[in-house]
Structure formats: C-alpha cells, structure tokens
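Results of the structural survey
Here are the chains, one letter per residue:
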Amino acid sequence: MDDIELMLRVRDGDRAAFAALYERHAIRVHRFFRGLGIDAHTSGDLGQETFLRIWQHRARYAATGSFPAYLLTFGRFVWLEHCRQQRKPGRRGGPLDELIDVISATPRTRTDNRAASSELSESETTAIARLPEHN
C-alpha cells in the first residue's frame, strides 16, 4: 500500500495504517531535524511531535500531493515552534530571530492551511530527498 492510501486510512482513524507510515518515515523526519542542526535527542522529540500533529489533523488530510512533502511541512512548523521556544526573553535581533520572523510572515504559515495544500517546492523536495541515510 502506498503512502497516500495509508494516509487516507489514517484520516479515517486507522491506527495500523498510521503505525505503517511512522515505520516508513520516522528516520526521514529524524534526518530532517538533524540536518537543521538539532541534537539527536531533541530530533527524536520533534519527530514524535510531528507525527502527533499529523494524527491530530488527520481529518483535514486531502490527497493533493506527496506524503513526504506533507510530513515535512508539519516538521517545518514543529521546528519553527521549537526555535521560538528557544529564544531567551528580552533577547531578539539575531539571525535566527530574523529567519523565524521572515518564515512566519509568509501567508502559508498556518500548519492546517499549509498542510491542506501539502506541497513543498520542487527544490525543497529534491533537497530533502538528498539528505543522507544515516542517523
């Protein structure tokens, strides 16, 4: 069964289909966060949060694009929230703050709206696919 078929079953509440997607893609999500410079432990936590959000928003899933793009869109928003939480109160103006502000200002920042379109740009998808296979 392909990812889209599995996610359609997940949308209907099928926990076994969700487990199959998790098994297929957990390492990809972990590599995504590690590629962003996140330590292994935190990458695991952020990966769990990413899959939790997919489960929570499963009823909104529309099979309009690739599942890896959909998955990593959720990962991107989890990462942005993590970065915001890491900011120290009263301390702003660094390059990370500027990056977060620019990304957050884009019209496609709400996870549910972005996930509905479920498409990363072709260059983003290609770059993610080139991430190394190791943990």
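Residues numbered from 1 in each chain as written. Predicted model: local features only at pLDDT ≥ 70, side-chain atom pairs only at ≥ 80, totals over all residues. Heavy atoms only, no water.

1. Let's talk about helix H1 (residues 3-11)
Of the residues making up H1, those classed as buried are Asp-3, Leu-6, Met-7 and Val-10. Down the axis of H1, the sector holding all buried residues measures 95 degrees, keeping them to one side. Looking at the packing, one finds that the buried side of H1 touches helix H2 (15-35), helix H3 (40-56) and helix H4 (67-86). Trailing H1 by a residue or two, Gly-13 shows a phi angle of about 95 degrees, which is positive. (Buried < 20%, exposed > 50% of the residue type's maximum accessible area, 1.4 Å probe, protein only. Helix = DSSP H or I, 4+ residues; strand = E, 2+ residues; numbered from the N terminus. Arc of directions from axis to C-beta. Contact = heavy atoms within 4.5 Å.)

2. As for the packing of aromatic side chains
Inspection of the entire model under this criterion finds seven aromatic pairs. Where Tyr-61 meets Tyr-70, the ring centres are 4.9 Å apart and the plane angle is 80 degrees; that geometry is what we call edge-to-face. Taking 5.1 Å as the distance between ring centres and 65 degrees as the angle between the ring planes, the aromatic pair formed by Tyr-70 and Phe-74 counts as edge-to-face. A residue pair is termed a helical-turn pair when its members lie 3 or 4 positions apart in one helix, as Tyr-70 and Phe-74 do in helix H4 at four residues. When its relative accessible area of 1% is taken as the criterion, Tyr-70 is described as buried. Aromatic rings pair up to connect Phe-18, Tyr-22, Phe-51 and Trp-55 into one cluster. It is Arg-58 that lies over the ring of Trp-55; its NZ or CZ is 3.9 Å from the centre. (Phe/Tyr/Trp six-rings, centres within 6.5 Å; stacked < 30°, edge-to-face > 60°. Lys NZ or Arg CZ within 6 Å of the ring centre and 35° of its normal.)

3. Digging into the nonpolar core
Counting residues in hydrophobic clusters, the biggest one holds 25 residues, and the most contacted among them are Met-7, Val-10, Phe-33, Ile-54, Phe-67 and Tyr-70. For this core, the secondary-structure elements that each account for two or more residues are H1, H2, H3 and H4. Here this core gets 10 residues from one element, more than from any other, and that element is H4. When sequence neighbours within four positions are dropped, the list of residues in contact with Val-10 reads Ala-17, Phe-18, Leu-21, Trp-55 and Arg-58. (Core = buried A, V, L, I, M, F, W, Y, C linked by side-chain atoms within 4.5 Å.)

4. With respect to the pattern of salt bridges
What the rule picks out here adds up to four salt bridges. Asp-14 is the salt-bridge partner of Arg-9, the closest N and O atoms lying 2.9 Å from each other. Accessibility expressed as a relative area gives 40% for Arg-9, which makes it partly exposed. With a shortest N-O distance of 2.4 Å, Arg-53 and Glu-81 are connected by a salt bridge. Of this pair, Arg-53 sits in helix H3 while Glu-81 is found in helix H4, placing the two residues 28 residues apart along the sequence. Counted as one network, the salt bridges with shared partners bring together Glu-49, Arg-53 and Glu-81. (Salt bridge = Lys/Arg side-chain N within 4 Å of Asp/Glu carboxyl O.)

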